[in-house]
Amino acid sequence: MTFNKSLVWFRRDLRAYDHASLHHALTSSAQVYCVFVYDTTMLEQLARDDRRVSFIHASIAALDAGLREMGGALIVRHADAVEAIPALAAGLGVDAVFTNNDYEPGAIARDLEVAARLEADGRAFHSYKDQVIFEKDEVLTLAGKPFPVFTPYKNAWLKRLAAHPDSLAPFAVEPYASQFAAPPDSSPLPSLAQLGFDPVDTHVATGMDGAAAIFDGFLERIEHYAAARDYPAVAGTSGLSVHLRFGTISIRHLVRTVQAMLGYGGGGAGAPAWLSELVWREFYAMILFRHPHVGERSFKPAYDAIEWESGPAADALFAAWCDGRTGYPLVDAAMAQINQTGFMHNRLRMVTASFLVKDLGIDWRWGERYFARKLIDYEMASNTGGWQWAASTGCDAQPYFRIFNPVTQSERFDPDGDFIRRYVPQLASMSRREIHAPWLHERKGAARGYPAPVVAHDEARKKTLARFDVVKAAV
Ligand code: FAD
């Protein structure tokens with residue numbers, strides 16, 4: 001054994017199986033402690049009813065139970081992680097802290113600081129790849145550069161996987177369970193109230209078991225994924241994003257399962273389409289790591305010259321968008337979905353983002369921050385990637401002159417209006433013909449209390465094309 005005692009610091013990897021840093025700690029240390037820190041520097045920025053805290057809280061209880069079954073347990077702290085981890089490491093007398101890589105700029109800065117403090121105290125800090133199959137510099141162009149475009153990245157990603165099938169090997173935990181050490185104090189896990197939060201309905205099953213059940217359910221319909229994934233009224237997608245965000249499911253397990261399916265010709269067109277989405281997630285993680293400015297500024301610098309609407313009129317339009325009062329039924333239904341459940345279907349993320357930027361002329365960053373506050377699966381890399389794609393400011397973004405028509409999108413992707421009826425009750429009695437653009441139909445009364453459109457799409461389209469004139473030279 002290299003180490004006498006070690007500490008595993010859980011962050012966005014809340015599971016007790018196939019876990020890189022836990023595996024490495026258990027196989028190199030005589031005694032292994034586990035910790036999760038409710039980081040006050042992050043919690044301070046959240047509203048009392050933040051859905052993610054309820055999700056984490058329930059998933060932490062499940063993780064603690066899973067560790068206890070193997071003879072371990074979770075030490076939980078409510079503190080600034082930069083202070084708490086070195087202090088706990090010193091208190092336990094561990095030789096090393098093990099954790100998994102986090103690629104967000106703030107997390108990288110935090111980890112550098114924790115590593116420096118530990119090292120100053122004579123302790124090691126080991127961090128491992130765990131949340132992706134291939135990270136930052138494993139999938140590069142022949143010239144050794146990061147790919148700025150998805151399709152060649154995906155092809156290179158798949159090629160690398162074929163060459164390195166061991167990238168999917170699980171990091172076993174259970175066979176090494178005898179190395180778990182019981183925590184010195186056995187204080188109960190903090191309640192949400194002790195953390196300063198209210199319990200909120202997560203609208204999604206939590207913890208490792210919740211994730212496994214969702215994945216099992218999805219596998220029964222994965223073959224329909226390619227055909228169903230764009231229709232928000234049906235359960236066409238996996239619903240696993242929050243579990244990927246918090247690591248309550250292992251990405252290696254997901255990709256292994258899909259690869260095995262592809263190997264025997266199962267999963268129809270759905271399996272490769274779904275694998276492709278998992279690769280998008282890694283593409284955006286790589287982009288954020290390589291270009292950390294994308295959280296704040298356009299990926300393509302020329303697009304920072306665009307002048308967005310501002311002032312009281314823009315504030316009012318933004319408020320109408322946030323509250324789902326734009327008068328465009330699909331946009332309003334989508335905003336009701338995010339506001340009521342903390343989730344929004346992918347097609348609708350594209351539609352609402354495009355509407356904010358290209359119909360209302362509002363800076364994509366306003367929308368990106370709103371999603372960051374509301375989404376239970378908020379992920380800086382995918383959110384900035386998705387917003388910059390919709391705003392045409394990002395890498396591999398759709399060209400600025402492609403502007404979604406919110407009515408046509410509605411007719412195409414919610415043809416019967418079922419999704420709209422679910423979230424905009426004022427429109428429940430409208431027919432499938434009327435519901436996409438109530439203002440155009442005689443039975444306006446059927447849309448009682450529903451607002452008129454805040455902008456006319458055709459006029460907004462012209463304004464947007466003019467607004468993007470400044471980038472014409474750069475396209
Ligand atoms: P599935 O269709 O089942 O896909 C499986 C997994 O692949 C997802 O769980 C997710 O991890 C990944 N994935 C799917 N689509 C994308 C994509 N376009 N980009 C990156 N990863 C993808 N995803 C987030 O996880 N967090 C975000 O904060 C986020 N913000 C977005 C903002 C905008 C404006 C847009 C257009 C997309 C955003 N996405 C985000 C991507 C996508 O909408 C969600 O991942 C997806 O809706 C989650 O549902 P699902 O798990 O059922 O997806």
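Residues numbered from 1 in each chain as written. Predicted model: local features only at pLDDT ≥ 70, side-chain atom pairs only at ≥ 80, totals over all residues.

Per an unreviewed UniProt entry, the protein chain goes by the name Deoxyribodipyrimidine photo-lyase and belongs to Massilia polaris. Here is the UniProt Sequence similarities (unreviewed entry) comment for the protein chain, exactly as written: "Belongs to the DNA photolyase family." Under the UniProt heading Catalytic activity (unreviewed entry), the note attached to the protein chain is "cyclobutadipyrimidine (in DNA) = 2 pyrimidine residues (in DNA)." (UniProt positions renumbered as here; feature names shortened; annotations may be inferred.)

K.L.:
Would you mind going over the overall build of the protein chain in detail, with residue names and values included?
P.N.:
Counting secondary structure elements, the protein chain contains 20 helices and five strands. Across its three principal axes, the protein chain shows a C-alpha extent of roughly 75 × 55 × 50 Å. Counting every position in the protein chain, which comprises 475 residues, the buried fraction comes to 43%. Partitioning the intrachain contacts of the protein chain with sequence separation of at least 6 by distance along the chain shows that 76% fall at a separation of at least 24. (Helix = DSSP H or I, 4+ residues; strand = E, 2+ residues; numbered from the N terminus. Buried ≥ 20, exposed ≤ 12 C-beta atoms within 10 Å, placed from the backbone. Contact = placed C-beta atoms within 7 Å.)

K.L.:
Pulling in residues and values, what's your account of the nonpolar core?
P.N.:
Val35 and Val97 are the most contacted members of the largest nonpolar core, which totals 114 residues. Ranked by residues supplied to this core, first place goes to helix α12 (residues 270-290) with ten residues. Dropping the residues within four chain positions of it, valine 97 is found in contact with Leu7, Trp9, Ile85, Ala89, Leu118, Arg123 and Phe125. (Core = buried A, V, L, I, M, F, W, Y, C linked by C-beta atoms within 7 Å.)

K.L.:
Could you give me a rundown of the site of the ligand, with the residues and numbers involved?
P.N.:
As a matter of local geometry, the ligand sits amid 28 residues, with Thr237, Ser238, Ser241, Asn383 and Gly386 nearest to it. When residues of the shell around the ligand are traced back to their parent elements, those giving at least two are α10 (241-246), α12, α15 (346-359) and α17 (380-390). Broken down by element, the shell around the ligand gets its largest block of residues, six residues, from α17. Broken down by class, the residue content of the shell around the ligand amounts to twelve nonpolar, nine polar and seven charged. (Near = placed C-beta within 6 Å. Nonpolar A, V, L, I, M, F, W, Y, C, P; charged D, E, K, R; others polar.)

K.L.:
So, the confidence of the model for the protein chain: which residues are in play, and what are the values?
P.N.:
Averaged over all residues, the pLDDT of the protein chain is 96; the fraction at 70 or higher stands at 98%. Both scores are available for the predicted complex, with the pTM at 0.97 and the ipTM at 0.99. (pLDDT = per-residue confidence, 0-100.)

K.L.:
Lay out the sheet that holds strand β3 (residues 74-79) in plain terms, naming residues and giving numbers.
P.N.:
Reading across from one edge, β3-β2-β1-β4-β5 is the order of the five strands in this open sheet, with parallel pairing throughout. Each of the sheet's edge strands pairs with one partner strand only, and the pair in question is β3 and β5 (124-128). Sheet twist, expressed as the average angle between the axes of neighbouring strands with direction ignored, equals 30 degrees. Pairing geometry for strand β2 (residues 29-39) and β3, over six bridges, is parallel. Note on β3: the bridge partner recorded for cysteine 34 is leucine 74. Sitting on the sheet, helix α3 (residues 51-69) is in contact with β1 (3-10), β2 and β3, with an inclination near 150 degrees to β3. (Pairing = 2+ DSSP bridges. Axes fitted to C-alpha atoms, helices over the stretch in contact; angles between N-to-C directions.)

K.L.:
Give a detailed account of the pairing of β2, specifying residues and quantitative values.
P.N.:
When you tally the buried positions in β2, you get nine out of eleven residues, the bulk of the element. One crossover worth recording links β1 to the parallel β2 by way of helix α1 (residues 20-28), and it is right-handed. (Right-handed = clockwise from strand over helix to strand, strands pointing away.)

K.L.:
Pulling in residues and values, what's your account of the packing of helix α11 (residues 251-263) against α12?
P.N.:
Two elements in contact, α11 and α12, have axes whose closest approach is 10 Å; the angle formed by their N-to-C orientations is 155 degrees. One finds that α11 runs roughly antiparallel with respect to α12. α12 is crossed by α11, and the crossing has left-handed handedness. Where α11 abuts α12, its residues Leu254, Val255, Val258, Met261 and Leu262 lie against Ala271, Pro272, Trp274, Leu275 and Leu278. (Parallel < 35°, antiparallel > 145°, perpendicular 65-115°, else oblique. Left-handed = near helix turned anticlockwise from the far one by under 90°.)

K.L.:
How would you sum up the UniProt feature "site: Electron transfer via tryptophanyl radical" (unreviewed entry) in the protein chain? Please name residues and give values.
P.N.:
Per the UniProt entry, the sites bearing "site: Electron transfer via tryptophanyl radical" (unreviewed entry) are Trp308, Trp364 and Trp387 in this numbering. In this structure, tryptophan 364 sits in helix α16 (residues 364-374). A residue is classified by how many C-beta atoms lie within 10 Å of it, and tryptophan 364, with 26 of them, is buried. Apart from the residues lying within four places of it in its own chain, the contact partners of tryptophan 364 are Val357, Trp387, Gln388, Ala391 and Thr393. Position of tryptophan 387 among the secondary structure elements: in helix α17. A tally of 25 C-beta atoms within 10 Å means that tryptophan 387 is categorised as buried.

K.L.:
Talk me through the packing of α3 against helix α8 (residues 207-219); I want residue IDs and the actual numbers.
P.N.:
Close contact between α3 and α8 brings their axes to 6 Å; oriented N to C, the two are set at 100 degrees. With respect to α8, the axis of α3 lies roughly perpendicular. The residues of α8 that touch α3, namely those facing Ala58, Ser59, Ala62 and Gly66, are Gly207, Met208 and Asp209.

K.L.:
Account for unusual backbone geometry, with residues named and values stated.
P.N.:
A positive phi is found at histidine 203, a non-glycine position, where the angle reads about 60 degrees. Mapped onto the elements of the fold, histidine 203 is located in the loop between α7 (192-195) and α8. One non-glycine residue, serine 392, adopts positive backbone phi at about 70 degrees. You can call serine 392 buried: it has 25 C-beta atoms within 10 Å.

K.L.:
Go over the environment of aspartate 64, please, and point to the residues and values.
P.N.:
Locating aspartate 64 in the fold gives a position in helix α3. Taking the number of C-beta atoms within 10 Å as the measure of exposure, aspartate 64 has 21 and is therefore buried. Setting aside residues up to four positions removed in sequence, aspartate 64 forms contacts with Ala73, Leu74 and Leu189.

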